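Here's the letter readout for the chains.
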Amino acid sequence: MFACAGLCACEKPVVDRCEWGRSDSFVVQYWTFDRLKAVAVGAEPRLQLYLESSPEHRKRYYGALSDDRDAKRAYEAKCAEHGDRGFSFAFTCGPGPNMIPNSFPDKDFRSLEVVSDTDFDEAHPAGTPLNDVTMFCSASPWPFIRSGYTEQGTWSGELPAEVYRYFGIVTPYDMEWKSCYHPIYGKVSELTPDDLTLLGGDEGGLRMGMIGVLTLLERPERAATHTLTVTLTSSDGERYSARVAVTLG
């Protein structure tokens, strides 16, 4: 099934009703952030990565439905940067900017790094990147946009389970509708800037700000508590880091 539209919200106030919107770009809205958060979940554990706004940073949304001239100009510039033009997209919009699908952080990334403060094994003493033993999983419409909106994502076959867990599901059949998005996965050491472009994409606020999941592919030589530091470097050189303590063994 080829279905990329959905229920979304707009920046201008909509209170009790839905309205129609239209865009000639796949990305309907961008949002700003100023920090990275990592949350350990499960027994493995997995690290869920979120982009957020700190209390002193006013989260800003700008997109196809922005009324402000500067916001609309910023949105047009981001669409031009991604070559995101020529996608006829009609959608309904309801209350609140947090509910827009095809809504993305307004920065892409060029690298991701995972470091522990504790010895992992002989090849990874404390302070050494664990990039070659850590998998990153996410989703992105970047290959779809770059192909001129023709290359659909493949969600069946031999994909890591973490690819589906990123969306909170466990079977490939649940992803058949999400053909505009491509699975993004691989060792952190092998990621390219293309893999880190247009990460995530909020769908009705279900994963607000979550851009990926990290999973260790190997276990340390001995059980210990590790403080992992995850650092994302944006395309413009800004670094966003988060720390989380996990017990590995």
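About the thresholds
- Residues numbered from 1 in each chain as written.
- Predicted model: local features only at pLDDT ≥ 70, side-chain atom pairs only at ≥ 80, totals over all residues.
- Heavy atoms only, no water.
- Pairing = 2+ DSSP bridges.
- Helix = DSSP H or I, 4+ residues; strand = E, 2+ residues; numbered from the N terminus.
- Axes fitted to C-alpha atoms, helices over the stretch in contact; angles between N-to-C directions.
- Contact = heavy atoms within 4.5 Å.
- Phe/Tyr/Trp six-rings, centres within 6.5 Å; stacked < 30°, edge-to-face > 60°.
- Buried < 20%, exposed > 50% of the residue type's maximum accessible area, 1.4 Å probe, protein only.
- Lys NZ or Arg CZ within 6 Å of the ring centre and 35° of its normal.
- Salt bridge = Lys/Arg side-chain N within 4 Å of Asp/Glu carboxyl O.

Structural notes on the sheet that holds strand β8 (residues 103–105)
Working step 1: Read across the open sheet, the three strands follow the order β6-β3-β8; overall the sheet is mixed. Bordering the open sheet on either side are β6 (61–63) and β8, each of which pairs with just one other strand. Averaged over all adjacent pairs, the angle separating strand axes in this sheet is 30°, with direction ignored.
Working step 2: Sitting on the sheet, helix α1 (residues 69–82) is in contact with β3 (29–31) and β6, with an inclination near 65° to β6.

Comments concerning the packing of aromatic side chains
Working step 1: Applying the stated criterion to the full structure yields 14 aromatic pairs.
Working step 2: Where Phe87 meets Tyr149, the ring centres are 5.0 Å apart and the plane angle is 40°; that geometry is what we call tilted. With Phe87 in the loop between α1 and β7 (89–94) and Tyr149 in the loop between α2 (142–146) and α3 (161–165), this residue pair connects regions lying 62 residues apart in the sequence.
Working step 3: Residue Tyr149 is classed as buried on the basis of its relative accessible area of 13%.
Working step 4: Cluster of aromatic residues (ring-pair linked, three or more members): Phe26, Phe87, Phe89, Phe104, Phe144, Tyr149 and Tyr181.
Working step 5: Above the ring of Tyr50, the side-chain terminus of Lys37 is found at 5.5 Å from the ring centroid.
Working step 6: Above the face of the Trp31 ring, Lys59 is positioned so that its terminal group lies 4.3 Å from the ring centre.

Some points on the pattern of salt bridges
A side chain of one charge can pair with a side chain of the opposite charge when the charged atoms of the two come close.
Working step 1: By the definition in use, this model includes eight salt bridges.
Working step 2: Glu81 is paired through a salt bridge with Lys78; the nearest N and O atoms lie 3.4 Å apart. A residue pair is termed a helical-turn pair when its members lie 3 or 4 positions apart in one helix, as Glu81 and Lys78 do in helix α1 at three residues.
Working step 3: The partner of Asp236 in a salt bridge is Lys107, and the shortest N-O contact between them spans 3.3 Å. Placement of Asp236 in the loop between β13 (224–234) and β14 (239–248) and of Lys107 in the loop between β8 and β9 (109–116) is noted, with a sequence separation of 129 residues between them.
Working step 4: Using a relative accessible area of 49% as the deciding quantity, one classes Asp236 as partly exposed.
Working step 5: A relative accessible area of 21% means that Lys107 is categorised as partly exposed.

Focus: the pairing of β13
Working step 1: Here β13 lies mainly inside the structure; nine of its 11 residues are buried.
Working step 2: Across seven bridges, β9 lies against β13 in antiparallel orientation. Note that in β13 the partner of Phe109 across the bridge is Ser234.
Working step 3: Following β13, the chain reverses through four residues before pairing antiparallel with β14; Gly237 in that reversal takes a positive phi of roughly 90°.

Section: the sheet that holds β13
Working step 1: Taken in spatial order, the three strands line up as β9-β13-β14 in an open sheet, and their pairing is antiparallel. Because the sheet does not close on itself, it has two edges, and the strands there are β9 and β14. Each strand axis lies, on average, 15° off the axis of its neighbour in the sheet, ignoring direction.
Working step 2: For β13 and β14, the ladder comprises 10 bridges, and the chain directions are antiparallel. Directly across from Thr227, in β14, lies its bridge partner Ala245.

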